[in-house]
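Given next are the chains, with one letter for each unit.
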Amino acid sequence: FGTSPSPAVNETHPHQWLGSQREVVWRFDTSTVSWRREETTVCISVTHNGDFDAFEIYGQTVSNGTLGLWLSRVLHHTNHAKGDSPKFAGLMDLLVCQGRWFASVRYAFVRACMQHIDQASGWERLSPQAPNTVPSNRFFKELAEVFDHAWSKEVAERPGLIPNADDIEDLASAVQSSFAEVLSEAAMIVLDEFDLSDEVMNKFCSEACKAFFNMDLLTAIHAFFKHAEGTFGVSAVCTLWPNSIVLAAKGQPVSLAFDMERP
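Each value, and the rule that gives it
- Residues numbered from 1 in each chain as written.
- Predicted model: local features only at pLDDT ≥ 70, side-chain atom pairs only at ≥ 80, totals over all residues.
- Heavy atoms only, no water.
- Helix = DSSP H or I, 4+ residues; strand = E, 2+ residues; numbered from the N terminus.
- Rg over C-alpha atoms; globule rule 2.2 N^0.38 Å.
- Buried < 20%, exposed > 50% of the residue type's maximum accessible area, 1.4 Å probe, protein only.
- Contact = heavy atoms within 4.5 Å.
- Areas by Shrake-Rupley, 256 points an atom, 1.4 Å probe, with all protein chains shown as cover.
- Core = buried A, V, L, I, M, F, W, Y, C linked by side-chain atoms within 4.5 Å.
- Salt bridge = Lys/Arg side-chain N within 4 Å of Asp/Glu carboxyl O.
- Pairing = 2+ DSSP bridges.
- Axes fitted to C-alpha atoms, helices over the stretch in contact; angles between N-to-C directions.
- Lys, Arg positive; Asp, Glu negative; His and termini not counted.
- Polar contact = N/O pair within 3.5 Å; in protein donor to acceptor, adjacent residues only side chain to side chain.
- Patch = residues over 30% accessible without salt bridge, like charges linked within 9 Å, V, L, I, M, F, W, Y side chains within 5 Å.

Chemist: Any details on the overall build of the chain? Residues and values, ideally.
Modeler: The number of helices and strands found in the chain is eight helices and six strands. Secondary structure elements of the chain occur, N-terminal to C-terminal, as β-β-β-β-α-α-α-α-α-α-α-α-β-β. Computed over the C-alpha atoms, the radius of gyration of the chain is 19 Å, within 12% of the 18 Å expected from 2.2 N^0.38 for a compact globule of 263 residues. Principal axes of the C-alpha set define a box for the chain whose edges measure 55 × 50 × 30 Å. Burial analysis of the chain (263 residues in total) assigns 49% to the buried set. Look at the contacts in the chain between residues 6 or more apart in sequence, and 67% of them connect residues 24 or more apart. Here the chain displays about 13600 Å² of accessible surface, and carbon together with sulfur accounts for 50% of that area.

Spelled out as structure tokens, the structure:
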């Protein structure tokens, strides 16, 4: 079924915002008790029914229309579907980060280094005509490579490491201390443009590491519902967890049916 009164292919469930992306993903292999790094396809798909009215960002209640404009800039990809379901899909692309340094860095930058939605458009009021001043994916990729290098070094020395809170903060500190030496001049200019203090950079590195280890599909859904307004039910799946589906609802029931003749 469609997500808007006007039937159209791009309004039909399931919804994706970014669609399939090739990314470097880290997984813990229980059979070898070690971490495995691989490039694989990542795709998050969602369904939704009800009224997802708004989402709280930086303490501000953001309507669906404005949320779509913000997501287009943060994710550097536009979804032209008009319904509220695609915005939920976009938020899942932002929130689901576990095992992916690129997604973790992007999420942490939005969370720790930006303070207002209009910062995504050069402090102009968000509109279709407003510019996109969110750092590029190339910038996020460069930062992600620094985290990836530090984590690769860590697991080479401790292959079975299951990091605790102290390990995560140590990793964040190691990354932060290496930025000045390894980042390109262009990346340093971007950081300077956001006028980031040492305290903010500390928070950014910490948030990126926490997202990398903790922000799986279920945790992302929980984070979404914490800030979402409306009455609705959702489902979400991701190719990284092919045998899992997350169902959740706010203010309405969810019904499940099983076909016993299908495996």
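After presenting the structure, the write-up continues.
Chemist: So what's going on with the nonpolar core? Residues and values would help.
Modeler: Grouped burial of nonpolar side chains is what soluble globular proteins tend to show. Counting residues in hydrophobic clusters, the biggest one holds 85 residues, and the most contacted among them are W70, F204 and F224. With ten residues, helix α3 (residues 101-113) is the largest single contributor of residues to this core. Once you skip the residues sitting within four places of it in the chain, F224 turns out to touch F52, F55, F88, L91, M92, L95 and F232.

Chemist: Which residues make up the pattern of salt bridges, and what values do they have?
Modeler: In total, this model carries nine salt bridges according to the counting rule given. E38 is paired through a salt bridge with R27; the nearest N and O atoms lie 2.7 Å apart. Placement of E38 in strand β2 (residues 34-42) and of R27 in strand β1 (residues 21-29) is noted, with a sequence separation of eleven residues between them. For E38, a relative accessible area of 26% gives the class partly exposed. Overall, the relative accessible area of 24% leaves R27 in the partly exposed class. Measuring nitrogen to oxygen at the nearest pair gives 2.9 Å for the salt bridge that ties E154 to R158.

Chemist: Report on the sheet that holds strand β4 (residues 60-63), specifying residues and quantitative values.
Modeler: Sheet strands associate in pairs through backbone hydrogen bonding, adopting either a parallel or an antiparallel arrangement. The sheet built from four strands is open, its strands ordered β4-β3-β5-β6 with antiparallel pairing. Edge positions in the sheet fall to β4 and β6 (246-250), since each of these pairs with one other strand and no more. Adjacent strand axes in the sheet meet at a mean angle of 30°, parallel and antiparallel pairs treated alike. One ladder, built from four bridges, connects strand β3 (residues 44-57) with β4; its direction is antiparallel. Bridge pairing links A54 to S63 in β4. Packing of helix α2 (residues 85-95) onto the sheet brings it into contact with β3 and β5 (228-238), and relative to β3 it is tilted by some 90°.

Chemist: Give me the side chain of R73: which residues, what numbers.
Modeler: Locating R73 in the fold gives a position in helix α1 (residues 64-74). E124 provides the closest opposite charge to the buried, unpaired R73, separated from it by 7.8 Å. Here the side chain of R73 touches A130 through a polar contact of 2.7 Å, landing on its backbone oxygen. Aside from chain neighbours lying at most four places away, what touches R73 is A120, S121, L126, S127, P128, A130, P131, N132 and V134.

Chemist: Requested: an account of the pairing of β1, with residues and values cited.
Modeler: Across nine bridges, the pairing between β1 and β2 is antiparallel. Counterpart to Q21 in the pairing with β2 is V42.

Chemist: An account of a nonpolar patch on the surface is requested, with residue identities and associated values reported.
Modeler: On the surface, V237, I245, L247, V254, L256, F258 and M260 cluster together into a nonpolar patch covering about 750 Å² of accessible area. Relative to the helices and strands, L256 resides in the segment after β6. The class of L256 is exposed, set by a relative accessible area of 57%.

Geometric descriptors of this kind do not, in isolation, establish any biological role.
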